[in-house]
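Per-entry structural report
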Amino acid sequence: MQIPIKKTIDKIPGGMMVVPLFLGVLTNTFFPQFLQIGGFTTALFSKTASTTILACFMFLIGSQINFKLAPKALKKGALLITGKFVVGAGIGIIVGKVFGPAGVLGLSPLAILSALTNCNGGLYASLASQYGDETDVGAYALLSLKDGPFFTLVALGASGLAQIPFEALLAVMIPIVIGMILGNIDSDMRAFLGSSKLLLIPFFSFPLGAGMDLGTIVKAGVPGIILGIIAAFTGIGAYILLKLFKEEPIIGLATGSTAGNAVATPAAVAAADPTLAAIATVATAQVAAACVVSAIVCPFIVTYAFKLIRNNKMKKLDNKAAA
């Protein structure tokens, strides 16, 4: 007796990313000891596994990028960063100016800026590989600049207190560049490596989820859930910019999420500005909740928008044919 697992997962928007990710969240919430068994089990399923598997995914994606398309990937990366930052920082700064450090609806400007000026690179890469092309995934090399507290500090008017080490950016780009070189000097290798890239999506999705906990949503309460929902829609800025610059805009919506590393941002910001220490703890729980919620909601938004745009295009073609 066969069970249609793949067909069932495919019916869920972004299912090959969302289902394993949610299973990882549930496992870490209710059976965390399973992830600490050791050996191959821990190596494959624990949260530390996502970095290695995602690095391999980046290598495979890099192999599919033609040298002629690299400038386009960098252009898209710049537009994605700008669009995401303008929306996220804009919301946080407006809340800070209007409501002060305490914020509104239980959300401080620190929590808002920490969550909304960051995005889940693994989630973006997965959605880009499903709904975009090689240049959309290649844009991740530049999009990785959003990791860490730098952009949050910029938005708080404290950009001089943080730096992005060149080595960190270089470390992200090296697997992609090596893959690009290999794929461009041998078309057979490009075909071979390209056939494997989608296979890795569920394998890095589960460990990403294993780094999250449903308990964080409970601790953060309603404000944390609201923050996650808002984060899921922040990709609209990147969508608009891509459309203005005549690029396929749908992948801009894939930046509507909060990365796991953003959980450390409130504490990092508080270390730079001790006056924020009092609200950093609450902000940390809220940002953690935003990571979980946005990772679940964002794929649904991207999938819905993709289907809507595709259907509209088909209707226009049918109308032209009928005319």
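Right above here is the structure, for reference.
Note that this is a predicted model, so its numbers are computed, not measured. Throughout this description, residue numbers start from 1 for each chain and increase along the sequence as written. Where local features are concerned, this predicted model is filtered to residues with pLDDT of at least 70; where side-chain atom pairs are given and counted, the filter is 80 or more; whole-chain, interface and lining totals use all residues. Excluded from the side-chain calculations are hydrogens and water; all other atoms, namely the structure's heavy atoms, are used.

Turning our eyes to something else, we now look at the overall build of the chain. Numbered from the N terminus, helices here are DSSP runs of H or I no shorter than four residues, and strands are runs of E no shorter than two. From N to C terminus, the chain includes 17 helices and 0 strands. Exposure classes here rest on a 1.4 Å probe applied to the protein chains alone. A residue is buried below 20% of its type maximum, exposed above 50%, and partly exposed in between. Among the 323 residues that make up the chain, the fraction classed as buried is 48%. Contacts are assigned to residue pairs with any non-hydrogen atoms lying within 4.5 Å of each other. Residue pairs at least 24 apart in sequence account for 80% of intrachain contacts in the chain once pairs closer than 6 positions are excluded. Accessibility throughout is a Shrake-Rupley quantity obtained with a 1.4 Å probe, and a residue counts as covered only by protein chains that appear here. As displayed, the chain has an accessible area near 15500 Å², and 71% of this comes from carbon and sulfur atoms.

The next subject is a nonpolar patch on the surface. A contiguous nonpolar surface patch, about 450 Å² in accessible area, is contributed by Phe30, Phe31, Phe34 and Ile37. By secondary structure assignment, the location of Ile37 is in the loop between α2 (15-30) and α3 (39-45). Residues enter patches when their relative accessible area tops 30% and they take part in no salt bridge; the joining distance is 9 Å for like charges and 5 Å for the nonpolar side chains Val, Leu, Ile, Met, Phe, Trp and Tyr. What makes a salt bridge here is a side-chain nitrogen of Lys or Arg within 4 Å of a carboxyl oxygen of Asp or Glu, nothing more.

Aromatic pairs are defined between Phe, Tyr and Trp rings, using the six-membered ring for Trp, whenever the two ring centres lie within 6.5 Å; interplanar angles under 30 degrees are classed as stacked, those over 60 as edge-to-face, and all others as tilted. According to the stated counting rule, one finds 3 aromatic pairs in the structure shown. Ring centres of Phe34 and Phe45 lie 6.0 Å apart, and the angle between their planes is 40°; this geometry places the pair in the tilted category. Of this pair, Phe34 sits in the loop between α2 and α3 while Phe45 sits in helix α3, and the two are 11 residues apart along the sequence. Each ring, one from Tyr131 and one from Phe306, has its centre 4.9 Å from the other, and the planes form 50°; the classification is tilted. In this pair, Tyr131 sits in helix α7 (residues 121-131) while Phe306 sits in helix α17 (residues 277-322), placing the two residues 175 residues apart along the sequence. Here the aromatic residues Phe34, Phe45 and Phe206 are joined through ring pairs into a cluster of three or more.

A word on helix α13 (residues 201-210). Counting buried positions over the 10 residues of α13 gives 8, a clear majority of the element. Buried residues of α13: Ile201, Phe204, Ser205, Phe206, Pro207, Leu208, Gly209 and Ala210, and no others. In the core, the buried residues of α13 are packed alongside α2, α3, α4 (49-62) and α7.

Turning our eyes to something else, we now look at the side chain of Ser63. Mapped onto the elements of the fold, Ser63 is located in the loop between α4 and α5 (70-99). Take Ser63: its relative accessible area is 0%, and that puts it in the buried class. For Ser63, the residues in contact, after removing those within four places along its chain, are Gly179, Met180, Gly183, Arg190, Leu193 and Gly194.

Bringing the nonpolar core into the picture now. Residues enter a nonpolar core if they are buried and are Ala, Val, Leu, Ile, Met, Phe, Trp, Tyr or Cys, with the set joined through side-chain atoms within 4.5 Å. Counting residues in hydrophobic clusters, the biggest one holds 50 residues, and the most contacted among them are Phe57, Met58, Tyr124 and Phe204. If we ignore the near neighbours within four places in the chain, the residues touching Met58 are Ala125, Val137, Tyr140, Pro175 and Ile176. Formed by 17 residues, the second largest nonpolar core is a distinct cluster that contains Val95, Leu107, Leu110 and Val287.

Attention now moves to the packing of α7 against α13. The interhelical angle for the contact between α7 and α13, taken along N-to-C directions, is 155°, at an axis separation of 10 Å. The pairing of α7 with α13 is recorded here as roughly antiparallel in orientation. Our pair here, α7 against α13, has a crossing hand that is left-handed. Contact with α7, carried on its side by Gly122, Ser126 and Ser129, involves Ile201, Phe204 and Leu208 of α13 and no other residues of that element. Polar here means any residue other than Ala, Val, Leu, Ile, Met, Phe, Trp, Tyr, Cys and Pro, which are nonpolar, and Asp, Glu, Lys and Arg, which are charged; Gly is therefore polar. Residue composition of the contact of α7 with α13, grouped by class: 3 nonpolar, 3 polar and no charged. Axis definition: a line fitted to C-alpha atoms, over the contacting stretch in the case of helices. Angles run 0 to 180 degrees between N-to-C directions. Throughout, the term roughly parallel applies to angles under 35 degrees, roughly antiparallel to angles over 145, roughly perpendicular to angles from 65 to 115, and oblique to all others. Here a crossing is called left-handed whenever its near helix is offset anticlockwise from the far helix by less than a right angle, and right-handed whenever the offset is clockwise.

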